[in-house]
Amino acid sequence: MEIKFLGGAREVGRAAIAVKTGKTQILLDYGVMLNHTPGFPMHVPPREVDAIVATHSHLDHSGAIPIFHISEPKPVYGTNLNLELTSLLIKDFIHLSSYYLPYEYIELNAMIRSHKNVNYREEVRVGDIRFMLLNSGHLPGGASVLLEAEGKRILYTSDFNTIETRLLPKADQNYGELDAVIIESTYADEDHTERRVLEEKFINEVIDVVESGGTVLIPAFSVGRAQEIACILAAHHFEYPVVIDGMAREASRILMGHLEFLRDPRLFMDAIHMVGWVEDWRERKRVAKRPGVIIAPAGMLKGGPATYYIQIVGKKSRNAIFLVGYQIPGTPGRELMEKGRCVIDGKVRKIKARIGFFDFSSHCGASELKETIRGLRGKPIVFTIHGAEGNCQKFAKWIKDEVGLEAKAPNPGETFTI
Ligand SMILES: [Zn+2]
Ligand SMILES: [Zn+2]
């Protein structure tokens, strides 16, 4: 069986892997690179692809899948929740694209019609390849993939988290014996602060600001992070006003229809009942000026209602802006973190509000990645992907030196036979 890395090799973005036997070829993810202009994985002729497995809705894994629906239907396998969230994000991606995209709404709709719903641990057969999805603990409806063909077993972790969060259960790691493993390397050289400690610090600082009469703006990604923050506030019985705005409302509505994917549906519904939903401009103007918490996308301040709120909330020193996710270099969020200023609509704005960063990641940290490697059964070859600047190479070296497994950080376009 052949594995070809079409994208996401030695980089974060445009994740795409082709798995091919003598008779069948399936793709694991087909994402985009979100730069100034979007980048795509290497091309595969659609007629040579039998199916696509979609692991989760982040555009760096899903954003290029509709390319396969330009001329013919192509089955896309994933959980039903993943399909709904992916559709929401791709719709927004098309809507906001000021540059050329190789597909439109019509292809997105063809993708939705070609979707095949799969439950976790349900076995699927495509040609002579069998696979199943396992909960990855990374995003609602997200999955790792266990794949079997020609007597070999392969694991693709996709993005995963082996630590439970308020929103999601931890990844299902019951992988069995393996011949090859494709693993993410996002945080291979960095540990996250322990969740309990981080939550405590976050809650205390939020309360501090609100009790001094301030407003806390929390720019957060619409799918997952926004709801995680609401759940953290609910779990700590936060008693001041909290509102949620923008696409995060839509994503929350979708999750309400799929509570079985969440770790604690009761806590999630408590959070939903606790938050107010900002539905119009009058409300938006009102909440920006009263003590409380505002959860609004975009997480890195690239558009969305957060860019409105920051102009109001940012003006006063009693207020705060708390970033709760990774900030890609070059984004307004990163600029805010590093220089205390923000460029919105081409205008530089000095921010007087307190700025904080809380690393509520949904990826494994270095310790969890290493634990995963040490826990593997069999003698698999390990491919390290989805890492920035040298991370994939360093992680592969660690696997070889410390665990004694064969390990490679593939180059884009590289093919291996298992
Ligand atoms: Zn992801
Ligand atoms: Zn990713």
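Everything below is about the structure printed above this text.
This report concerns the structure included in the present document. Bear in mind that the values here come from a model prediction, so they are computed numbers and not experimental data. (Residues numbered from 1 in each chain as written. Chains lettered and ligands numbered in written order. Predicted model: local features only at pLDDT ≥ 70, side-chain atom pairs only at ≥ 80, totals over all residues. Heavy atoms only, no water.)

1. A closer look at helix α2 (residues 80–96)
Phase 1: In this model α2 runs 25 Å from its N-terminal to its C-terminal C-alpha over 17 residues, within 8% of the 24 Å that 1.5 Å per residue would give.
Phase 2: Of all the residues in α2, the buried ones are Leu 81, Asn 82, Leu 83, Leu 85, Thr 86, Ser 87, Leu 88, Leu 89, Ile 90, Phe 93 and Ile 94.
Phase 3: Buried residues in α2 make contact with α1 (59–62), α3 (105–113), β6 (115–117) and α6 (247–256). (Helix = DSSP H or I, 4+ residues; strand = E, 2+ residues; numbered from the N terminus. Expected span 1.5 Å × (residues − 1). Buried < 20%, exposed > 50% of the residue type's maximum accessible area, 1.4 Å probe, protein only. Contact = heavy atoms within 4.5 Å.)

2. Remarks on the coordination of the zinc ion (ligand 2)
Tetrahedral metal sites with four donors have an ideal angle of 109.5 degrees; octahedral sites with six donors have ideal angles of 90 or 180 degrees.
Phase 1: Donor atoms from the polypeptide that bind the zinc ion (ligand 2) are Asp 60 (OD), His 61 (NE2), Asp 159 (OD) and His 386 (NE2), placed at 2.1 to 2.3 Å.
Phase 2: Considering all 4 donor atoms around the zinc ion (ligand 2), angles at the metal cover 88 to 158° and the coordination shape is irregular.
Phase 3: Read N to C, the donor residues that coordinate the zinc ion (ligand 2) are spaced as D-H-x97-D-x226-H.
Phase 4: The distance between the zinc ion (ligand 2) and the zinc ion (ligand 1) comes to 3.5 Å, with Asp 159 serving as a donor to both metals. Taken together, the positions of His 61 in helix α1 and His 386 in the loop between β20 (381–385) and α12 (391–403) put the pair 325 residues apart, joining distant regions of the chain.
Phase 5: Looking at His 61, the relative accessible area reads 1%, which means it is buried.
Phase 6: Among the residues examined, His 386 registers a relative accessible area of 3% and is labelled buried. (Donors = N, O, S within 2.8 Å, 3.2 Å for Na, K, Ca; no water. Tetrahedral: all angles 85-135°; square planar, octahedral: opposite > 155°, others 65-115°.)

3. A closer look at the coordination of the zinc ion (ligand 1)
Phase 1: Bound to the zinc ion (ligand 1) on the protein side are His 56 (NE2), His 58 (ND1), His 138 (NE2) and Asp 159 (OD), at distances that span 2.1 to 2.3 Å.
Phase 2: Mapped onto the sequence, the donors of the zinc ion (ligand 1) take the spacing H-x1-H-x79-H-x20-D.
Phase 3: Owing to a relative accessible area of 1%, His 56 belongs among the buried residues under this scheme.

4. Focus on the pairing of strand β12 (residues 215–219)
Phase 1: Counted residue by residue, β12 has 5 buried out of 5 residues, so it is predominantly covered.
Phase 2: Residues of β12 alternate between two faces, with Thr 215, Leu 217 and Pro 219 on one and Val 216 and Ile 218 on the opposite face, all of them buried.
Phase 3: Bridge count between β12 and strand β15 (residues 292–296): 5 bridges; the pairing is parallel. Residue pairing in the sheet places Thr 215 in a bridge with Gly 292 of β15.
Phase 4: Sheet topology places β12 next to strand β16 (residues 320–323); 2 bridges connect them, and they run parallel. Counterpart to Leu 217 in the pairing with β16 is Ile 321. (Pairing = 2+ DSSP bridges.)

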